[in-house]
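# Inside the fold
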2 protein chains.
Amino acid sequence: MRRQDVNHPTPLYEVKAEFFKALGHPSRIRVLELLSSGQKSVSELLPLVGINPPHLSQQLAILKRAGLVQTQREGTSIFYSLAFPELIDVLAVARRVLIDVLAERAGLLVDLQASAPLPYPGEL
Amino acid sequence: MRRQDVNHPTPLYEVKAEFFKALGHPSRIRVLELLSSGQKSVSELLPLVGINPPHLSQQLAILKRAGLVQTQREGTSIFYSLAFPELIDVLAVARRVLIDVLAERAGLLVDLQASAPLPYPGEL
DNA sequence: GCGTTTTTATGCAACTTCGCAATAATGCAT
DNA sequence: ATGCATTATTGCGAAGTTGCATAAAAACGC
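Let me begin by describing the structure that accompanies this report.

Rules used throughout
- Residues numbered from 1 in each chain as written.
- Chains lettered and ligands numbered in written order.
- Predicted model: local features only at pLDDT ≥ 70, side-chain atom pairs only at ≥ 80, totals over all residues.
- Heavy atoms only, no water.
- Phe/Tyr/Trp six-rings, centres within 6.5 Å; stacked < 30°, edge-to-face > 60°.
- Buried < 20%, exposed > 50% of the residue type's maximum accessible area, 1.4 Å probe, protein only.
- Contact = heavy atoms within 4.5 Å.
- Buried area = accessible area lost by both parts, 1.4 Å probe.
- Salt bridge = Lys/Arg side-chain N within 4 Å of Asp/Glu carboxyl O.
- Polar contact = N/O pair within 3.5 Å; in protein donor to acceptor, adjacent residues only side chain to side chain.
- Helix = DSSP H or I, 4+ residues; strand = E, 2+ residues; numbered from the N terminus.
- Nonpolar A, V, L, I, M, F, W, Y, C, P; charged D, E, K, R; others polar.
- Near = heavy atom within 4 Å.
- Least-squares fit on C-alpha atoms with pLDDT ≥ 70 in both.
- Axes fitted to C-alpha atoms, helices over the stretch in contact; angles between N-to-C directions.
- Parallel < 35°, antiparallel > 145°, perpendicular 65-115°, else oblique.
- Pairing = 2+ DSSP bridges.

## A few points about the packing of aromatic side chains
All names here are of chain A. Tallying each qualifying case throughout the model produces three aromatic pairs over all chains. Arranged with centres 5.2 Å apart and planes meeting at 65°, the rings of Phe19 and Phe20 form a pair that is edge-to-face. Here Phe20 falls in the buried class, since its relative accessible area comes to 1%.

Here it is as structure tokens:
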């Protein structure tokens, strides 16, 4: 619990920021996408995410603390799953925006190339 | 440009994480929500966001670098606006998930209260 | 020039990431 | 039940990143 939270009823945009912060890491995005197609145990996730066990465990803990995933023990394995199916929608909508952003970036790139100082005619 | 980017085509989930990271701050969320209802100049945003000018400028720069907002000069003012209207959808969908998350949390809270050691019968 | 609006620079505290070592929790064999 | 292997988590510390304040500078209109 952060110092700030001790006495104040966390304002809404703080909570929203927390939510997005939880999504703001490659491994965590990867995990959520993997869980989009059904629950997975930690040992299943390990090779798919490609980080070492303690690190994965930590990232999973962050997602869990944020309330985005839930766990279920099954023998010696622990299965993680999305806490809410709507999370899939968040990822989908974000994907759509990202397409725009990347298209825009690509556009800027060709502009840059077009306005380049006439590719060094005599270079090399 | 990070070292890692020099030789590798940044994997997609890196880019996605960058996107969500850009949303992962209260002031930035606030700005995006304010811009959802139309462009605003920095000086308009200042009192609404409630942070000091350099800090706001920095947060705006982060949003701009992420490609989420665009600017337009008008005399001495600079107007910021959403780069893509779909951003509003992202915020909306996230809001829906958040409602679930918070409801769940509230549920856990009453469970905790229900299972409390019989609220200190004689306390104060 | 001067005032207004916005950005950049710099520095420090706070937080995050991630590896390694250690620990816990379970199931299975003896 | 004790030990052992498997599965997952926790603790800790180094390195890197982010947040935010103060001071300085840039860009514009007059």
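## Side note on the interface of chain B and chain A
In this complex, chain B contributes 35 residues to the contact, which on the side of chain A involves 35 residues. Overall, the association of chain B and chain A removes approximately 3200 Å² of surface from exposure, summing both partners, and the carbon and sulfur fraction of that is 78%. Two residues, Lys16(B) and Glu33(A), come together in a salt bridge whose shortest N-O distance is 2.4 Å. Linking chain B with chain A are two residue pairs in polar contact (both at pLDDT 80 or more), by the criterion used here. Only α1 (12-23), α2 (26-35) and α5 (86-114) of chain B provide two or more residues apiece to the side of chain B that touches chain A. The element contributing the most residues to the side of chain B that touches chain A is α5(B), with 15 residues. For the side of chain B that touches chain A, the per-class residue count stands at 20 nonpolar, three polar and twelve charged.

## Notes on the protein's contact with DNA strand C
The environment of DNA strand C is formed by 20 residues, the closest being His25(A), Asn52(A), His55(A), Ser43(B) and Tyr80(B). Counting only atoms of DNA strand C within 4 Å of the protein, the fraction found in sugar and phosphate groups is 76%. At 2.9 Å from a phosphate oxygen of DNA strand C is found a side-chain nitrogen or oxygen belonging to His55(A). Every element with two or more residues in the surface near DNA strand C is listed here: α4 (53-65) of chain A together with α3 (42-49), α4 (53-65) and β3 (77-82) of chain B. For the surface near DNA strand C, the per-class residue count stands at seven nonpolar, eleven polar and two charged.

## Concerning the pattern of salt bridges
Residues and elements named next belong to chain B. The tally for this structure, following the rule as stated, stands at six salt bridges over all chains. Where Lys21 meets Glu18, a salt bridge forms, and the shortest distance between an N and an O atom there is 3.6 Å. You can see Lys21 and its partner Glu18 sitting in helix α1, three residues apart, about one turn around the helix. Here Arg95 makes a salt bridge to Glu33, at a shortest N to O gap of 3.5 Å.

## What about the relation of the copies chain B and chain A?
A rotation about an axis combined with a shift along that same axis relates the two copies of the chain. Of the transformation placing chain B onto chain A, the axial shift is 0.0 Å and the rotation is 180°, giving an RMSD of 0.1 Å. This pairing of chains is accounted for by a two-fold axis. In this assembly the copies share their binding face: 100% of the residues contributing to the interface of chain B also contribute to that of chain A.

## Examining the packing of helix α2 (residues 26-35) of chain A against α1(B)
Two elements in contact, α2(A) and α1(B), have axes separated by 8 Å at closest approach and are oriented at 105°. Relative to α1(B), the element α2(A) lies roughly perpendicular. Contact residues: Pro26(A), Ile29(A), Arg30(A) and Glu33(A) in α2(A); Tyr13(B), Glu14(B), Lys16(B), Ala17(B) and Phe20(B) in α1(B). Its residues assigned to classes, the contact of α2(A) with α1(B) shows five nonpolar, no polar and four charged.

## A word on the sheet that holds β3(B)
All names here are of chain B. Judged by pairing direction, the sheet is antiparallel, and its three strands sit side by side in the order β1-β3-β2 without closing on themselves. Edge positions in the sheet fall to β1 (40-41) and β2 (69-74), since each has one partner strand and no second. Note that β2 and β3 share six bridges and pair antiparallel. In the strand pairing of β3, Gln72 is matched with Phe79. Lying over the sheet, α2 contacts β1, β2 and β3, oriented at roughly 90° with respect to β3.

## Quick notes on the protein's contact with DNA strand D
Around DNA strand D sit 20 residues in total, of which Ser43(A), Thr76(A), Tyr80(A), His25(B) and His55(B) are the nearest. In DNA strand D, atoms within 4 Å of the protein come 70% from sugar and phosphate. For DNA strand D, a phosphate oxygen lies 2.9 Å from a polar atom in the side chain of His55(B).

## Quick look at the pairing of β3(B)
All names here are of chain B. Examined bridge by bridge, β1 and β3 share two bridges and lie antiparallel to one another. By the bridge assignment for β3, Lys40 is matched with Tyr80. Adjacent in sequence and paired antiparallel, β2 and β3 are bridged by two residues, among which Gly75 carries a positive phi angle near 65°.

So far we have only geometry, and geometry alone does not tell us how the molecule works.
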